[in-house]
Amino acid sequence: MTAKAIFITGAAAGIGAATARLFAKHGWFVGLFDIDQVGLAKLQQELGTQVSMTGVLNVADEQQWQQALHQFFSRTGRLDVLLNNAGILASGAFEHIPLQQQHRLLDVNIKGVLNGCYLAFPYLQQTAKSRVINLCSASALYGQPSLAVYSATKFAVRGLTEALDLEWSAYNIRVMDVLPLFVQTNMVNNMDADSIKNMGVHLTAEDVAQTIYQAADYQGKIAKVHWTVGLPTRLFYAVSGAAPDWLSRGINQFINRQK
């Protein structure tokens, strides 16, 4: 197969599905992986079996990762992009979210990305100019109240992305992340956080997919690791890197104020 190939986790809906549609439109072969078999079947029917394949994948399960990657590479013979998109969210006061649910955030949002990067490495090595794109979040710029553990998981994803991009440059593998603010998906429905009440939800899954495609297609010689989505995120990103801690804290305190 000569078409470029992308492996997408959390592909059945939201950002994953929007990304699959966009890449398929641009002639890529798309691997659709999720725990939602009904959603996967519906999306594959839309895209067609000639340009897509599906597989069940719980990203916290190492064995399922191994099976999915082997299945994908056997079909494509290449892995141009691994998109670690699968993620979950829990919102509300830290002490009110059950500990088991907080552990689940770590399993999916951190271990899921770690599993993907680690187990996909041999396949990425076999594909020229391959790359990993991790779905991060603007909550990785400063810890967010009512999203404390979710925010912490995205800090971990950002740190892993930065480290692996440096390590794997020796293999000509680029590692990047995408940092959106709140996106109009099921993940933010009934979210209990003042930040979303104050700022609203202005990004669509398609907005994020466009940025993911730009990252996948990027040919610049200067490494670009972090890809922000939308003007507000770009501003927050700029402030987080230049402002003193007291100012960053003050901005986030204002964003999370109770009305």
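Cut-offs used in this document
Residues numbered from 1 in each chain as written. Predicted model: local features only at pLDDT ≥ 70, side-chain atom pairs only at ≥ 80, totals over all residues. Heavy atoms only, no water. Helix = DSSP H or I, 4+ residues; strand = E, 2+ residues; numbered from the N terminus. Buried < 20%, exposed > 50% of the residue type's maximum accessible area, 1.4 Å probe, protein only. Contact = heavy atoms within 4.5 Å. Areas by Shrake-Rupley, 256 points an atom, 1.4 Å probe, with all protein chains shown as cover. Expected span 1.5 Å × (residues − 1). Pairing = 2+ DSSP bridges. Axes fitted to C-alpha atoms, helices over the stretch in contact; angles between N-to-C directions. Phe/Tyr/Trp six-rings, centres within 6.5 Å; stacked < 30°, edge-to-face > 60°.

Asker: What should I look at first to understand the overall build of the protein chain in this one?
Answerer: Looking only at helices and strands, one finds nine helices and seven strands in the protein chain. Expressed as a percentage of its 259 residues, the buried residues of the protein chain come to 50%. A separation threshold of at least 6 residues defines the contact pool for the protein chain, and within that pool the share at least 24 residues apart is 65%. Looking at the protein chain as shown, the accessible area adds up to about 12700 Å², and 54% of this sits on carbon and sulfur atoms.

Asker: So what exactly am I meant to see when it comes to helix α7 (residues 205-217) here?
Answerer: Note: α-helices contain 3.6 residues per turn, so residues at a spacing of three or four share the same orientation. The terminal C-alpha atoms of α7 lie 18 Å apart, and with 13 residues this matches the ideal 18 Å at 1.5 Å per residue to within 8%. Looking only at α7, the buried set comprises Ala205, Val208, Ala209, Thr211, Ile212, Tyr213, Ala215 and Ala216.

Asker: I'm lost on the sheet that holds strand β5 (residues 131-135) in this one. Help?
Answerer: Pairing between the strands of a sheet comes from backbone hydrogen bonds, and it takes one of two forms, parallel or antiparallel. Across the sheet, seven strands lie side by side as β3-β2-β1-β4-β5-β6-β7; this open sheet has parallel pairing. Taken across any chain shown, the strands that pair with only one partner, and hence form the sheet edges, are β3 (52-56) and β7 (226-229). Taking each pair of neighbouring strands and ignoring which way they run, the sheet shows an average axis angle of 20 degrees. Strand contacts of α7: β4 (81-84), β5, β6 (174-180) and β7, with the helix running at about 155 degrees to β5, the strand carrying the most contacts.

Asker: What am I meant to see in the packing of aromatic side chains here?
Answerer: The geometry of two aromatic rings is summed up by the distance between their centres and the angle between their planes. Counted according to the given criterion, the structure contains eleven aromatic pairs. Relative to Phe72, the ring of Phe7 has its centre 5.4 Å away and its plane inclined at 80 degrees; by these criteria the two rings are edge-to-face. On the criterion of sequence distance, the pair formed by Phe7 in strand β1 (residues 5-9) and Phe72 in helix α3 (residues 62-76) is long-range, its members being 65 residues apart. Judged by its relative accessible area of 0%, Phe7 is buried.

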